[in-house]
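Secondary and tertiary structure notes
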Amino acid sequence: MATGQLFSRTTQALFYNYKQLPIQRMLDFDFLCGRETPSVAGIINPGGDGFQKLFFGQEEIAIPVHSAIDAACAAHPTADVFINFASFRSAAASSMAALKQPTIRVVAIIAEGVPESDTKQLIAYARANNKVVIGPATVGGIQAGAFKIGDTAGTIDNIIQCKLYRPGSVGFVSKSGGMSNELYNTIARVTDGIYEGIAIGGDVFPGSTLSDHVLRFNNIPQIKMIVVLGELGGQDEYSLVEALKQGKVTKPVVAWVSGTCARLFKSEVQFGHAGAKSGGDMESAQGKNQALREAGAVVPTSYEALEAAIKETFEKLVEGGNITEVKEVTPPQIPEDLNTAIKSGKVRAPTHIISTISDDRGEEPCYAGVPMSSIVEQGYGVGDVISLLWFKRSLPRYCTKFIEICIMLCADHGPCVSGAHNTIVTARAGKDLVSSLVSGLLTIGPRFGGAIDDAARYFKDAYDRNLTPYEFVESMKKKGIRVPGIGHRIKRGDNRDKRVELLQLFARTNFPSVKYMEYAVQVETYTLSKANNLVLNVDGAIGSLFLDLLAGSGMFTKQEIDEIVEIGYLNGLFVLARSIGLIGHTFDQKRLKQPLYRHPWEDVLYTK
């Protein structure tokens, strides 16, 4: 492996398996370092293409999303780092696919639990093709002031505290990602900071070893000293011992192997990492520390003394003239995300939507304050749900039962009415369910099913003003307005609409008052004296009875009743009900595999 620097200020990466926070942290680091271009060139999400919106400083940018690794590499030939956030199940396969791409030079595998046999294959392929694998089970790495992988170094506050926004003189390599953050801080306190830091991961077989990176650091002129943090288990540190003995490492190395406490246990202990398991004296922390010390590394007596050892080594290099003072720079302020600022109480932001009928926060959704579990446990029906979502209160059972009866009676009225006809024609044209449904719903209006609100509005106004049926009908006639809710193309005075009769029977049996319905019946009596088809239709029946429901329940003020009628609640009931039938007609036509409908020319009057 050896060679030298892995990353620079122009390095770009492809990010596999979209994760918003790690990518945004990379972009925030780019902005902090003064990079001109984002370090994430593209995102790979298997099966998905498009763009993801993220922030580069204050500017919102769109990063391309690709469905396949080869497509992403072809689209971004200068991106030579592959950051793999796939799960342990697919991490090996996707990493191998990336390594086989000629443009990819470095692969970082974040996942823990990658099978060791798969990791060995990745290592063999990478070495044979002069490529670098960092991980598995790694947090990644960082080139101070230039590039970082994923969540490396944690939050922006930690990065600033560790002075990682500009390069220092120390090369650092560790097995542990969590301890890397700790050491970045330690090194920043007693030296001029990190130049490059790598966490190789805690698996038994890391893609690249401690010594691989130490030897690479030795070839980077800007790195003046090296800090190594190993751990008990395995023999990785001994390859570094050999490199030191053979004189391959010419820069000062300060090293510590964690896990000295393992000897306090009577039996063998498995620590957090898969590879952190001492198998004997040679793999113990004490054995490794002693070997490193004998090979020429600076090894303190304890972890607590590591900071002092780093400081002493750095100061000797400064005194010897090997390190020139790093010019401090003030990093730019990273704009704070709105959600974060709101949570911390720094800003107030107006909401864009107001909702009073439902709440999906918490453990379960609520309808008008009633938890979903209560709705099910108390045996609420569709009428009860409508009362909660439309009227924001639990109506008496006779009210919700009336709502359900209206839905059942208005669900369908055969295939010949305009709404069903439109839906059937659309379904036979091969359109989808929603298109077919909407084509039928769009016919609902003052001439078809949309007269319920108007019927309620006019009946209420006439009744409240104490107009006689004669005065009401004749005043409408003078205005040139047909009485909504009166008249039917088929039904007659001697052939009443059964739906109207059922609604009236239910209301007379259950409602405390039916004054508006009785007024509508008186109006019907007068209109029938003029023509036999001017009967009270289902729109008029529902409109007048809904007025009785609202007024008789005692749960609505006069202002609320007027508002309900004005807004269009009652037509909403017909829309909801008829949607059931229109959906049924759509399914019926598709089930019957009916062909495209063409209206017969015999049924058209062609005229000039």
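Within an unreviewed UniProt entry, the label attached to the protein reads ATP citrate synthase, and the organism entered is Lithocarpus litseifolius. Looking at the Catalytic activity (unreviewed entry) heading of the UniProt record, one finds this comment for the protein: "oxaloacetate + acetyl-CoA + ADP + phosphate = citrate + ATP + CoA".

Quick look at the overall build of the protein now. A count of helices and strands for the protein gives 23 helices and 16 strands. Expected size for 608 residues packed as a compact globule is a radius of gyration near 25 Å; at 38 Å, the protein overshoots this value by more than 25%. Seen through its principal axes, the protein has C-alpha atoms that stretch 115 × 55 × 50 Å. For the protein, the proportion of its 608 residues judged to be buried stands at 50%. When contacts within the protein are restricted to residue pairs at least 6 apart in sequence, those whose partners lie at least 24 apart make up 72%.

Turning our eyes to something else, we now look at the packing of aromatic side chains. Scanning the model with the defined rule gives 18 aromatic pairs in all. For the ring pair Tyr463 and Tyr519, a centre distance of 5.8 Å and an interplane angle of 75 degrees mean the geometry is edge-to-face. Pair noted here: Tyr463 is in helix H17 (residues 452–464) and Tyr519 is in helix H20 (residues 515–528), with a separation of 56 residues, a long-range link. Ring plane angle 90 degrees and centroid distance 5.8 Å describe the contact between Tyr470 and Tyr526, whose orientation is recorded as edge-to-face. Within this pair, whereas Tyr470 is found in helix H18 (residues 469–479), its partner Tyr526 is found in helix H20, the two being separated by 56 residues in sequence.

All right, on to the confidence of the model for the protein then. Confidence in the prediction of the protein, expressed as mean pLDDT, is 93, and 96% of residues score 70 or more. Within the model, the stretch residues 272–276 combines pLDDT values under 50 with 18 contacts to residues more than four positions away or in other chains.

Summarising the element assignment, Ala13 is placed in strand S1 (residues 13–16). When sequence neighbours within four positions are dropped, the list of residues in contact with Ala13 reads Ser39, Val40, Ala41, Gly42, Ala79, Val81, Ile83 and Phe147.

The amide bond that connects Gly135 to the next residue, Pro136, takes the cis arrangement and shows omega of 5 degrees. Looking at where Pro136 falls in the secondary structure, it is placed in the loop between strand S7 (132–134) and strand S8 (140–143). Despite not being glycine, Lys163 has its phi angle at roughly 55 degrees, a positive value. Along the chain, the position of Lys163 falls in the loop between helix H5 (156–161) and strand S10 (170–174). When its relative accessible area of 26% is taken as the criterion, Lys163 is described as partly exposed.

Throughout the structure, instances matching the rule amount to 28 salt bridges. Lys460 is the salt-bridge partner of Asp562, the closest N and O atoms lying 3.0 Å from each other. Here Lys460 lies in helix H17 and Asp562 lies in helix H22 (residues 558–567), a separation of 102 residues in the sequence. Taking relative accessible area as the criterion, Asp562 reaches 31% and is therefore assigned partly exposed. When its relative accessible area of 9% is taken as the criterion, Lys460 is described as buried. Connected through shared salt-bridge partners, Lys460, Asp464, Lys558 and Asp562 make up one network.

Residues in a regular strand project their side chains so that they alternate between the two faces of the sheet. Looking at chain direction, strand S3 (residues 50–56) and strand S4 (residues 59–66) are connected through 7 bridges and run antiparallel. By the bridge assignment for S4, Phe55 is matched with Glu60. Turn length for the S3-S4 hairpin, with the two strands adjacent in sequence and antiparallel, is 2 residues, and the turn residue Gly57 shows positive phi of about 70 degrees.

So, about the layout of surface pockets. Each pocket or cavity is described by its volume, and for the largest pocket that value is around 1300 Å³. What lines the largest pocket is a set of 34 residues, among which Arg447, Gly487, His488, Arg489 and Asn537 lie closest to the centre. Breaking the lining of the largest pocket down by element, the ones donating at least two residues are H18, helix H21 (538–552) and helix H23 (569–591). Of all the elements, H18 adds the most residues to the lining of the largest pocket, at 3 residues. Classifying every residue of the lining of the largest pocket gives 15 nonpolar, 10 polar and 9 charged. Reported here for the second largest pocket is a volume of approximately 720 Å³. Forming the boundary of the second largest pocket are 23 residues, of which Asp28, Ile156, Ile334, Pro335 and Glu336 lie nearest the centre. Of all the elements in the fold, those that place two or more residues in the lining of the second largest pocket are helix H1 (20–33), H5 and helix H11 (338–343). Considering each element in turn, the lining of the second largest pocket owes the most residues, 6 residues, to H1. The class makeup of the residues in the lining of the second largest pocket is 10 nonpolar, 7 polar and 6 charged.

Now for helix H7 (residues 210–218). In terms of residue burial, H7 counts as a mostly covered element, since 8 of its 9 residues are buried. Every buried residue belonging to H7 is among Leu210, Ser211, Asp212, His213, Val214, Arg216, Phe217 and Asn218, and all of these are buried. On its buried side, H7 packs onto helix H4 (116–128), S10, strand S11 (194–199), strand S12 (225–231) and helix H8 (236–245).

On to the environment of Gly487, then. Residue position: Gly487 is located in the loop between H18 and helix H19 (498–510). C-alpha separation for the pair Gly487 and Glu524, spaced 37 residues apart in sequence, amounts to 9.0 Å.

All right, on to the environment of Asp548 then. With respect to the secondary-structure elements, Asp548 resides in helix H21. We classify Asp548 as buried; its relative accessible area is 1%. Residues Asp548 and Leu292 lie 256 residues apart in sequence; the distance between their C-alpha atoms is 92 Å. Discounting chain neighbours no more than four positions away, the residues touching Asp548 are Phe511, Ser513, Val514, Lys515, Tyr516, Met517 and Ser553. Among the polar contacts made by the side chain of Asp548, one reaches the main-chain amide nitrogen of Met517 at a distance of 2.9 Å.

Among all positions in H22, only Ile561, Ile564 and Val565 are buried. Buried residues of H22, seen end-on, are gathered within an arc of 95 degrees and therefore sit on one face of the element. Set apart from the buried face of H22 by more than 90 degrees, the exposed residues are Gln559, Glu566 and Ile567. Residues of H22 that are buried sit in contact with helix H13 (382–391), H17, H21 and H23.

Rules used throughout
- Residues numbered from 1 in each chain as written.
- Predicted model: local features only at pLDDT ≥ 70, side-chain atom pairs only at ≥ 80, totals over all residues.
- Heavy atoms only, no water.
- UniProt positions renumbered as here; feature names shortened; annotations may be inferred.
- Helix = DSSP H or I, 4+ residues; strand = E, 2+ residues; numbered from the N terminus.
- Rg over C-alpha atoms; globule rule 2.2 N^0.38 Å.
- Buried < 20%, exposed > 50% of the residue type's maximum accessible area, 1.4 Å probe, protein only.
- Contact = heavy atoms within 4.5 Å.
- Phe/Tyr/Trp six-rings, centres within 6.5 Å; stacked < 30°, edge-to-face > 60°.
- pLDDT = per-residue confidence, 0-100.
- Salt bridge = Lys/Arg side-chain N within 4 Å of Asp/Glu carboxyl O.
- Pairing = 2+ DSSP bridges.
- 1 Å grid on protein atoms, 1.4 Å probe; cavity = no way out; pocket = protein on both sides within 12 Å on 5 of 7 lines; lining within 4 Å.
- Points joined across faces, edges and corners; volume = space filled by probe spheres on them.
- Nonpolar A, V, L, I, M, F, W, Y, C, P; charged D, E, K, R; others polar.
- Polar contact = N/O pair within 3.5 Å; in protein donor to acceptor, adjacent residues only side chain to side chain.
- Arc of directions from axis to C-beta.

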